[in-house]
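Analysis of the macromolecular model
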Amino acid sequence: MTFNGLIHFRNSELDSIQSQTVSQQDQYIQIWDNVRLQLTGLINAGQVDVQIGNVLTERDEIFRRQATGYDESVTAQNTAMRNVQSIGNEGGAAMVRAAAGGGR
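This report concerns the structure included in the present document. (Residues numbered from 1 in each chain as written. Predicted model: local features only at pLDDT ≥ 70, side-chain atom pairs only at ≥ 80, totals over all residues. Heavy atoms only, no water.)

**A word on the overall build of the protein chain**
So the rule is basically this: Numbering goes from the N terminus for both helices and strands, where a helix is a DSSP run of H or I of at least four residues and a strand is a run of E of at least two. Note on classification: 1.4 Å probe, protein chains only; a residue is buried when its accessible area is under 20% of the maximum for its type, exposed when over 50%, partly exposed between these limits. Note on contacts: a residue pair qualifies if any of its non-hydrogen atoms lie within 4.5 Å across the two residues.
When its secondary structure is counted, the protein chain shows two helices and zero strands. Split into buried and exposed, the 104 residues of the protein chain put 19% on the buried side. Long-range contacts, defined as pairs at least 24 residues apart, comprise 74% of the intrachain contacts of the protein chain with a sequence gap of at least 6.

Okay, structure coming up:
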């Protein structure tokens, strides 16, 4: 936000961080699902020992549990960043009003 060139408040970098972390979540889930699908295909084709399937199921459960925890953490982080943005926007607007001679 600018006010006759005196005040410039930006927080677009926070938007970038938020979109990057969401994109990373999608990517690591896609990567894991692809690996799991390929291994399952090898098991079903008899090219890999069936016991690997048990390990794969176990690892998938661990991955899903850990991914859920990470996702919750990222969501909380993004919420905190949105709160910081809101506070910054409110503070920036208050500075503009004060600089313009207005009150709160």
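There's more to say after this.
**Observations regarding the side chain of glutamine 25**
Here glutamine 25 shows up in helix 1 (residues 12-44). According to the relative accessible area criterion, glutamine 25 is buried, its value standing at 11%. Residue contacts for glutamine 25: discarding those within four places in its chain leaves Tyr70, Asp71 and Val74.

**Notes on the pattern of salt bridges**
A side chain with one charge may pair with a side chain of the opposite charge, provided their charged atoms come close. Selection rule: Definition used for salt bridges: Asp or Glu carboxyl oxygen within 4 Å of a side-chain nitrogen of Lys or Arg.
Taken as a whole, this structure holds four salt bridges when the rule is applied. Residue aspartate 33 pairs with arginine 36 through a salt bridge whose shortest N-O separation is 3.4 Å. Placement of the pair is aspartate 33 and arginine 36 together in helix 1, with a separation of three residues, close to one helical turn. A residue is classified by how much of its surface remains accessible, and aspartate 33, at 26% relative accessible area, is partly exposed. One connected set of salt bridges, linked through shared partners, spans Asp33, Arg36, Asp60 and Arg64.

**Brief notes about the nonpolar core**
Formally: Buried residues of nine kinds, namely Ala, Val, Leu, Ile, Met, Phe, Trp, Tyr and Cys, make up a nonpolar core once their side-chain atoms join them within 4.5 Å.
Trp32, Ile43, Leu56, Phe63 and Ala67 form the largest nonpolar core, which has five residues in total. Of all elements in the fold, only helix 1 and helix 2 (51-99) reach the threshold of two or more residues within this core. Other than its neighbours up to four places away in sequence, phenylalanine 63 contacts Tyr28, Ile29 and Trp32.

**Regarding the packing of helix 1 against helix 2**
Rules: In this description, a line fitted to the C-alpha atoms serves as the axis of each element, helices being fitted only across the stretch in contact, and the angle between N-to-C directions of two axes falls anywhere from 0 to 180 degrees. To sort the angles, those under 35 degrees are grouped as roughly parallel, those over 145 as roughly antiparallel, those from 65 to 115 as roughly perpendicular, and the leftovers as oblique. Basically, the charged four are Asp, Glu, Lys and Arg, the nonpolar ten are Ala, Val, Leu, Ile, Met, Phe, Trp, Tyr, Cys and Pro, and anything else, Gly included, counts as polar.
Taken N-terminus to C-terminus, the directions of helix 1 and helix 2 make an angle of 170°; their axes are 10 Å apart at the nearest point. With respect to each other, helix 1 and helix 2 are oriented roughly antiparallel. Its residues placed into classes, the contact of helix 1 with helix 2 shows 16 nonpolar, eight polar and eight charged.

**Describing the environment of serine 12**
Inspection of the secondary structure assignment puts serine 12 in helix 1. Separated by 73 residues in the primary sequence, serine 12 and glutamine 85 place their C-alpha atoms 8.9 Å from one another.

**Things to note about the side chain of aspartate 60**
Structurally, aspartate 60 can be placed in helix 2. Excluding residues that lie within four positions of it along the chain, aspartate 60 makes contacts with Trp32 and Arg36.

**Regarding helix 1**
Along an α-helix, a turn takes 3.6 residues, which lines up residues three or four apart on a common side. Let me state the cut-off plainly: Helix span, as expected, comes to 1.5 Å for every residue beyond the first.
Helix length check: helix 1, at 33 residues, gives a terminal C-alpha distance of 48 Å against a target of 48 Å (1.5 Å per residue), a fit within 8%. Check the buried side of helix 1 and you find it contacts helix 2. Of the residues flanking the end of helix 1, it is glycine 46, one or two places downstream, whose phi is positive at about 80°.

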